[in-house]
Amino acid sequence: METSQNKTSNPSLFTPGKMPAEMPIGTRSTSLDERMVNMSGLQTKGIHAWFGSHHVLEDISLDFPSNTVTGLIGPSGCGKSTFLRMLNRMHEFIPSASMAGEVFLDGEEIYAADVDVAAIRLQVGMVFQKPNPFPSMTIAENVLAGIKLANIKVKDKDSLLEECLTRAGLWKEVKDRLKLSGASLSGGQQQRLCIARALAVKPKVLLMDEPCSALDPGSTLKIEDTIHELSDTITVVIVTHNMQQAARVSDYCAFFLSDGHPGRIVEADRTDVVFTSPKDQRTADYVQGRFG
Amino acid sequence: MSVALGAAVSPGRPWLNRRRSFREASAPVAVALVLAAVANLVTGLAGLLGFYLAFVIFFAATSLVFGLRHDKVKAIDKFATAFVVVGFATAFIPWVSILVTLAQKGWPAIYGGYFTNDMSVTGADDDLGMGGLSHAIMGTFLILLVASVIAIPLGILTAAYITEIRGRLSGFVRVMVQSMSGVPSVVAGLFIYATVVSRYQFSGVAGALALAILMLPTIARTAEEVLKLVPEEIRSASYALGASQMATTFRIILPSARSGLITASMLGIARVAGETAPLLLTSFYSAIFSRKLTGEPLASLPMYVFQNFTVGTEHALTRAWGGAFVLLSLILSLFILARFVGGRTNK
Amino acid sequence: MAIAIDSGTASSIERRKISEKRSLGDRVFRRGVTAGALTSFVVMCFIAALLFFRGFEIFRAFGLDFVTTSTWDAADGTIENAKFGVAAMLVGSIVTAVIAMVVAFPFVVASALFLEFYASKKLKFILVSILDLMAAIPSIIYGLWGYLVLMPLAAGWAATINKYLGWIPIFGVEVENFDASPFVSGLVLALMILPIAMSVTREVYSRAPLDQIQAAYALGGSRWGAIRAVVLPFGRSGLVGGMLLGLGRALGETIAVLLTLNLVFEVKFQILASAGGSVASLIASRIGEATPLELKALMAAGLVLFVLTLLVNFGASSIVARAERRVQ
Ligand SMILES: Nc1ncnc2c1ncn2[C@@H]1O[C@H](COP(=O)(O)OP(=O)(O)OP(=O)(O)O)[C@@H](O)[C@H]1O
Ligand SMILES: [Mg+2]
């Protein structure tokens, strides 16, 4: 898959370097050209975001091919979280928020009029910056919370529980105290619990907004391992301020910058390219820690 | 900042689909209304209340059914929404009824002389064009005045102790104020009855003392909130000028919180203006206009209502409603005025 | 400047006390304010002491019988022949208050949720202002409305309940008179405690952690799902505290109950029947014609009510305070 033509002055379309695992054909769409539509995974096209009259994101077009990890980097306030939240329609919780552009999940526009928001959020899971397990529930109940919320029928809850906790790298630590409150875990464990919780509803995409910013290096490494393993089956989008982390976990990287303007993409490419031979001087400066 | 696109992008809110959400919200309501109308005609659920009850039941059902067209989660969510909205709306019905009844039934009692005559030469059951509640208004005014003179300074002192002196007893004082606010009004009345009335007579002063007990905690708590809002820098600035604590409190802190304290006082007055039980035990009732606070019973608006209610005949009840109407108007204007004064400070 | 931390010298350094010599005016001022602040304490003590000492003779003569028996008879005014027991009134107070709580509960939850999570910001502001005003309606008006408007309706409802559920003991009646029953009183009280219980509950609900609510939504939960998973568990103690504050109000309510309840000196649990009790209303209704001895009995009853409401309010406010503290 190569760069698609971008009509704006801003060369921002993502340039994925490898083919997605599968290419379903004939998915419905009219507004996009065939090649885009047929791609599985997540695509955004010409995304803008506003808070009131404050224009915070401008013309973001990115592709997130299936089963890859994409890192979003950029200085504080450039709109990474805002962008991430638009991918599972959490943007609309802020009363002043508005947007333009389109987001496609497996070729389906998630902001279309007849789309069921809850169904979208089931397919696009999210892990927040601050661990937020439900304190009123046990560890096991926390993991299965999504199942219950969405009323999904599961035959073998115990094995799902074990599977999710194992994938989140937490099973060994908590298997003897599944009945304890979710709030009784350490911060790093809580964050992995939240990952397990997000995995339990079998999302196609997992969004992570600085998932390690409140954690110690040990927990951070564990979560990075988790992300590696997840990327075999799930598309991961991760916001991080840690350049080493971005380099370690992501296949692709997108560098956002606002610079007094609405945030836009300066450069988006394979991670090794972004880190070793960036095309834009600002990217080079940023990844080497010279500003931001 | 403009984008070099063919067409300018404009912000949109695709998640807000007014027409669709209106359609989705109104469909169950409409169906439930129709069903309720049918039930109203063919079953025992007659009258306005019967119609409403039928509507509530059918609305819960239709919400569930319309939600089930999607899935179970949606159905439960819709049902919960119906419960929440209907629950809130239902809680409002009695209040609307109270206000409407007050206006409807109280209005006939009110005429020009209602505010200038007393009941000294008019019986409770006499025609409505005679007599009035001037005595009750005067009594309520006097009682509230005396109660305020007692309770407002004490309430503000209590608040000032917590925010200015910050003594060791702050926590204790707060707990005391808290528990005092839970004293049943009849107990306050009983206390004054035993200490004052049983020794002297029913009197306006006794009523004022009872109301002061009930007023104090409201004023103290609201005033504490108000004084807490005074910025710490103002205090420091005053002390830095060498002012004493007394001067700081009386010259700087209290004046700068003036309108908040006025609000606190008005809320305190409004809260007790309608108290009946303590007055029944302390100032009781007299049908004659009087400005005497001691030695004889003194009328008041709540007792005027109570008295006429006890007589219970048609005209007396109308008078009771009329008195209630005047009483509530007084209290609500006090409240709104308090809000207005308080609202100005916040800016 | 190098600081050598040497525990030996550190402990030998004596900290200076900052002397707090205040001017005479300030000392007088502080004493005065402190005295003023202690008014509430003094008044509370006076109330308790007075009720206790005036009622002492009754407590001594009747002992526990005062709260376990139900005869109220001043007889010839001598303590030997008189009989005073507030059991029926006490039970009645509790029964009506419990009815009020049960009736108010779903509306408290629904209204608090509606205002916090369903109404728009503007609508919420308007409705909360109106609710604040409703909280100011005096009890005599609730009583008047309860007697003249609600009672005829509620008696009809009671008759219906009795017709279909009369086989359940609490819904049974001996005589088919449904006026002035604990049920009617309870409905009026439910309405009266709604604003306070609602505003406390709403306050606690509004502090439910937003990040957890968002997590519930991000898992594909519906609005109700988020409320069930996060808001209700979080707000449980606030709800309990709000309801208890309402209970305290309901127990102490006098006039509205006096107007809508038929006081009968007999312990009864038939909530639809035209017979009930209330300590507060007992005091208000008897004091006018009370003999000196009966007056003492009323003081004793007042003490019982005072202690009961104090306990309930204390429990309520500590629960609410803890619920609110937990958030910070
Ligand atoms: N709820 C909101 N209301 C108004 N403006 C907001 C809101 N949230 C974010 N913004 C604004 O949008 C811009 C982008 O914010 P965003 O949180 O997306 O940045 P970010 O890149 O995630 O920053 P960080 O790295 O610090 O998390 C900022 O200028 C911010 O002030
Ligand atoms: Mg962010």
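Residues numbered from 1 in each chain as written. Chains lettered and ligands numbered in written order. Predicted model: local features only at pLDDT ≥ 70, side-chain atom pairs only at ≥ 80, totals over all residues. Heavy atoms only, no water.

Here the focus is the overall build of chain B. The number of helices and strands found in chain B is 13 helices and zero strands. Along chain B, from the amino end to the carboxyl end, the secondary structure elements read α-α-α-α-α-α-α-α-α-α-α-α-α. For 347 residues, the compact-globule formula gives about 20 Å, and the C-alpha radius of gyration of chain B, at 28 Å, lies well above that figure. Overall, the C-alpha framework of chain B stretches about 80 × 70 × 40 Å when taken along its three principal axes. Within chain B, contacts between residues separated by at least 24 positions form 70% of all contacts whose residues are at least 6 apart in sequence. Mean positive and mean negative side-chain charge positions of chain B (26 and 15 charges, respectively) differ by 11 Å. (Helix = DSSP H or I, 4+ residues; strand = E, 2+ residues; numbered from the N terminus. Rg over C-alpha atoms; globule rule 2.2 N^0.38 Å. Contact = heavy atoms within 4.5 Å. Lys, Arg positive; Asp, Glu negative; His and termini not counted. Charge placed at Lys NZ, Arg CZ, Asp CG, Glu CD.)

Residues and elements named next belong to chain A. The mixed open sheet is built from six strands, whose spatial order is β6-β7-β8-β3-β9-β10. Strands at the two margins of the open sheet, each flanked by one partner only, are β6 (124–127) and β10 (264–270). Going from strand to strand, the sheet's axes swing by 15° on average, the running direction of each strand aside. By the bridge criterion, four bridges tie strand β3 (residues 69–73) to strand β9 (residues 252–257) in an arrangement that is parallel. Paired with I73 across the bridge in β9 is F255. Each of β3, β6, β7 (205–209), β8 (235–239) and β9 touches helix α2 (residues 80–87); the most contacted strand, β7, lies at about 155° to it. Against the sheet, helix α8 (residues 187–199) engages β6 and β7, with an angle of about 170° to β6. (Pairing = 2+ DSSP bridges. Axes fitted to C-alpha atoms, helices over the stretch in contact; angles between N-to-C directions.)

Glancing now at the site of ligand 1. All names here are of chain A. Near ligand 1 you find 13 residues, and of these S76, G77, S81, T82 and H241 are the closest. The backbone of C78 places a nitrogen or oxygen atom 3.3 Å from an oxygen atom of ligand 1. Here K80 contributes a side-chain N or O atom positioned 2.8 Å from an oxygen atom of ligand 1. Relative to its unbound accessible area of 630 Å², ligand 1 is 64% covered by the protein chains. Contributions of two or more residues to the shell around ligand 1 are made by β2 (54–65) and α2. For the shell around ligand 1, the per-class residue count stands at four nonpolar, seven polar and two charged. (Near = heavy atom within 4 Å. Polar contact = N/O pair within 3.5 Å; in protein donor to acceptor, adjacent residues only side chain to side chain. Areas by Shrake-Rupley, 256 points an atom, 1.4 Å probe, with all protein chains shown as cover. Nonpolar A, V, L, I, M, F, W, Y, C, P; charged D, E, K, R; others polar.)

Take the interface of chain A and chain C next. At the interface, 23 residues of chain A touch 16 residues of chain C. For the pair chain A and chain C, the summed buried area comes to about 1,500 Å², and 65% of that belongs to carbon and sulfur atoms. Our enumeration of links across chain A and chain C arrives at one salt bridge. The partner of K130 of chain A in a salt bridge is D211 of chain C, and the shortest N-O contact between them spans 3.4 Å. The interface formed by chain A and chain C holds three residue pairs in polar contact (both at pLDDT 80 or more) in total. Contributions of two or more residues to the side of chain A that touches chain C are made by α3 (117–123), β6, α5 (145–149) and α8 of chain A. If one sorts the elements of the side of chain A that touches chain C by residue count, α5 of chain A sits on top with four residues. Of the residues contributing to the side of chain A that touches chain C, the split by class is 14 nonpolar, four polar and five charged. (Buried area = accessible area lost by both parts, 1.4 Å probe. Salt bridge = Lys/Arg side-chain N within 4 Å of Asp/Glu carboxyl O.)

This part covers helix α10 (residues 258–273) of chain B. Residues and elements named next belong to chain B. In a regular helix each residue adds 1.5 Å, so 16 residues correspond to 22 Å; α10 covers 22 Å between its end C-alpha atoms and thus fits that length. Burial analysis of α10 places twelve of its 16 residues in the buried class, the great majority of the element. Every buried residue of α10 is accounted for by S259, G260, L261, T263, A264, S265, M266, G268, I269, A270, V272 and A273. (Expected span 1.5 Å × (residues − 1). Buried < 20%, exposed > 50% of the residue type's maximum accessible area, 1.4 Å probe, protein only.)

The next point concerns the side chain of S231 of chain A. Residue and element names in this part refer to chain A. Tracing the chain through its elements places S231 in the loop between α9 (217–230) and β8. Within the structure, S231 has its side chain in polar contact with the backbone oxygen of H228 (distance 2.7 Å). If we skip the residues at most four places from it in the chain, S231 touches N67, T68 and V69.

This part covers the side chain of R202 of chain C. Residue and element names in this part refer to chain C. Mapped onto the elements, R202 comes out in helix α8 (residues 182–205). In this structure the side chain of R202 is engaged in a polar contact, spanning 3.2 Å, whose partner is the side chain of E116. Not counting the four nearest positions on each side in its chain, R202 is found in contact with A112, L115, E116, K124 and V128.

Many authors give the size of an interface as the accessible area that is lost as the parts come together. Between chain C and chain B, the contact holds 75 residues from the first and 76 residues from the second. Summing the contributions of chain C and of chain B, the shared interface buries around 6,600 Å²; its carbon and sulfur component is 83%. Taking the shortest distance from any N to any O, the salt bridge between D132 of chain C and R339 of chain B comes out at 2.5 Å. Where chain C meets chain B, there are ten residue pairs in polar contact (both at pLDDT 80 or more). The element that contributes the greatest number of residues to the side of chain C that touches chain B is helix α13 (residues 292–327) of chain C, accounting for eleven residues.

Right, let's get into the packing of helix α9 (residues 210–218) of chain C against helix α10 (residues 223–252) of chain C. Residues and elements named next belong to chain C. At a minimum axis separation of 9 Å, α9 and α10 run at an interaxial angle of 135°. Between α9 and α10, the angle falls in the class oblique. For the pair α9 and α10, the sense of crossing is right-handed. Contacts between α9 and α10 involve Q212, I213, A216 and Y217 from the former and R223, A226, V230 and V231 from the latter. Looking at the contact of α9 with α10 residue by residue, the class counts come to six nonpolar, one polar and one charged. (Parallel < 35°, antiparallel > 145°, perpendicular 65-115°, else oblique. Left-handed = near helix turned anticlockwise from the far one by under 90°.)

The next subject is the sheet that holds strand β1 (residues 41–51) of chain A. Two modes of strand pairing occur in sheets, parallel and antiparallel, and in both the strands are linked by backbone hydrogen bonds. All names here are of chain A. What the four strands build is an open sheet, ordered β2-β1-β4-β5; its pairing is antiparallel. Lying at the two open borders of the sheet, with one neighbouring strand each, are β2 and β5 (108–109). In the packing of α2 onto the sheet, the strands contacted are β1, β2 and β4 (97–105), and the crossing angle to β1 comes to about 125°.

All names here are of chain A. Here D106, not a glycine, exhibits a phi torsion of approximately 50°, which is positive. Note on placement: D106 falls in the loop between β4 and β5. You can call D106 partly exposed: its relative accessible area is 26%. At N151, a residue that is not glycine, the phi angle is positive and equals roughly 55°. With respect to the secondary-structure elements, N151 resides in the loop between α5 and α6 (157–167). The class of N151 is partly exposed, set by a relative accessible area of 28%.

Turning next to the pairing of β9 of chain A. Residues and elements named next belong to chain A. Taken across its six residues, β9 has six buried, putting it largely inside the fold. Of the strand pairs in this sheet, β9 and β10 are connected by six bridges, and their pairing is antiparallel. Each residue of the ladder has a partner; that of A254, found in β10, is A268. Adjacent in sequence and paired antiparallel, β9 and β10 are bridged by six residues, among which D259 carries a positive phi angle near 55°.

What follows is about the pattern of salt bridges. Residues and elements named next belong to chain A. Enumeration according to the criterion identifies 27 salt bridges over all chains in this entry. As a salt-bridge pair, R248 and E224 come within 2.6 Å of each other at their nearest N and O atoms. Taken as a pair, R248 in helix α10 (residues 243–249) and E224 in helix α9 lie far apart in primary sequence, 24 residues in all. Linking R282 and D280 is a salt bridge whose minimum nitrogen-to-oxygen distance equals 3.2 Å.

Here the focus is a positive patch on the surface. Residues K148, K153 and K157 of chain A, K72 of chain B together with R228 of chain C make up a contiguous surface patch of positive charge. Along the chain, K153 of chain A falls in the loop between α5 and α6. (Patch = residues over 30% accessible without salt bridge, like charges linked within 9 Å, V, L, I, M, F, W, Y side chains within 5 Å.)

This next bit is on the state of the cysteines. Residues and elements named next belong to chain A. Under the definition given, this model contains zero disulfides over all chains. C194 supplies the cysteine sulfur nearest to C164, a cysteine that is in no disulfide, at a spacing of 13 Å. No disulfide involves C194; its nearest neighbouring cysteine sulfur is the one of C212, lying 12 Å away. (Disulfide = S-S within 2.5 Å.)

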